[in-house]
Amino acid sequence: MDFTHYKEAFIQEASKNSFSEHNIERCLEYAAVLFSNNVPVIYNTSHLSALVGYKKEYLKKASLYPKYFYRDFEITKKNGSKRAISEPLPSLKEIQIWVLKNILYKIPISPFAKAYKPNSGLIENLKFHKKQPKVFTLDLENFFPSISIKSIEKVFLTAGYSRMVSKLLSKLCTRDGTLPQGAPTSPYLSNLIFKDADAVISSYCIERKIRYTRYADDLSFSGDFDEKELLSKITSIVENLNLHLNTAKTKLMTPNMRQTVTGIVVNDKPQVAFHKRNELRQDMHYIKKFGIDEHREYKEINHSNYLEHLLGKVNFVLQINAKDLEFIGYKAVLIALKKKQQKTQMIQPLLM
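Residues numbered from 1 in each chain as written. Predicted model: local features only at pLDDT ≥ 70, side-chain atom pairs only at ≥ 80, totals over all residues. Heavy atoms only, no water.

You'll find the protein entered in an unreviewed UniProt entry as RNA-directed DNA polymerase, with Flavobacterium xinjiangense given as the organism. Turning to the protein, the UniProt record has this under Catalytic activity (unreviewed entry): "DNA(n) + a 2'-deoxyribonucleoside 5'-triphosphate = DNA(n+1) + diphosphate". Turning to the protein, the UniProt record has this under Sequence similarities (unreviewed entry): "Belongs to the bacterial reverse transcriptase family." (UniProt positions renumbered as here; feature names shortened; annotations may be inferred.)

1. Things to note about the overall build of the protein
Within the protein, the secondary structure is distributed over 15 helices and 10 strands. Projecting the C-alpha coordinates of the protein onto the three principal axes gives extents of approximately 80 × 70 × 35 Å. Within the protein, the proportion of its 352 residues that are buried is 41%. Within the protein, counting contacts between residues at least 6 apart in sequence, those at least 24 apart form 66% of the total. By element, 52% of the accessible surface of the protein is carried by carbon and sulfur atoms, the whole surface being about 20,200 Å². Side-chain charges of the protein comprise 53 positive and 36 negative groups, with the mean position of each set lying 3 Å from the other. (Helix = DSSP H or I, 4+ residues; strand = E, 2+ residues; numbered from the N terminus. Buried < 20%, exposed > 50% of the residue type's maximum accessible area, 1.4 Å probe, protein only. Contact = heavy atoms within 4.5 Å. Areas by Shrake-Rupley, 256 points an atom, 1.4 Å probe, with all protein chains shown as cover. Lys, Arg positive; Asp, Glu negative; His and termini not counted. Charge placed at Lys NZ, Arg CZ, Asp CG, Glu CD.)

2. Considering the domain arrangement of the protein
When cut into domains, the protein gives domain 1 (1–37), domain 2 (44–106 + 145–180), domain 3 (112–143 + 184–270) and domain 4 (273–348). Just the C-alpha atoms count here: the centres of domain 2 and domain 4 sit 38 Å apart. (Domains from an automatic or database assignment.)

3. Here we look at the nonpolar core
By size, the foremost hydrophobic cluster in this structure holds 67 residues, and its most contacted members are Ile103, Leu104, Tyr161, Phe221 and Ile234. It is helix H2 (residues 21–36) that provides the largest number of residues to this core, a total of six residues. For isoleucine 103, the residues in contact, after removing those within four places along its chain, are Val39, Pro40, Ile42, Trp98, Phe156, Tyr161 and Leu169. Counting 24 residues, the second-largest nonpolar core is a separate cluster that includes Leu122, Val272, Leu280 and Tyr306. (Core = buried A, V, L, I, M, F, W, Y, C linked by side-chain atoms within 4.5 Å.)

Listed below in structure tokens is the structure:
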């Protein structure tokens, strides 16, 4: 529906409900801004309740007492440390997904941001940094927890929503005043918060012929440049957002070194690091030689989804380099084993 048809329908319905001409005019002025920004019109909590399919009381409770609407757990990172995850309960998650699809995805992010957007994969972040004299990577420290609810509220205000609606939406997307690691809205919101910084950084880099991309909290630069000058500039820009760089993860890589961007080697062509591919080679060698059951028993692997786990790793290698014949072969072997496993699982009940 375009705004002209919306206006006609609104005036007709509002007149039936005895809205004054002044109120009708104010509502349409508000709606016109939202239409121009391609986001849905939301007048108040009751209106949002009708749009997302949850009672107004639920929205109020979720916004006022968020700690009761999340489950907390930890996952182990590659370096062995723990990452705290706050996952919204199914109902709140459903509301957040509605906000993500109907509002946030309608707001453009920087073209230099390569993560957390539809139809964009990791390979988009890698292809800009192949065969460069220098690759320089920086990491934002505590990215999500450092983003405040005030910043989130500003996103919705800029989209054209009233202060009351913006406060409600920002509360439904945050926990304890920051972005929760685990909410479906958090990744795209982080891109929107960093949009202005992306613009300043990319402008600085374009002037100096430096290649720049950002994948979540990983900032990657490549080309020929003064890394000390660049680091000083980026530090200043991110600190204006009350963010900080994790200096322990700052890396400068020259052609005689293994140059990696988000963990992928980019010296010649994007490729998963050798040691990771080699681990898969060894697993596949023993699986083909002794069988998957014997391999699991020897390695003391108890995961019921081990086959899917291996297939996921092989698919990741092929996502980065789709023409890798070696891993195309491994994928075929694993798919054949999976089909055999499924067939066995179907027959087993008949034999009992």
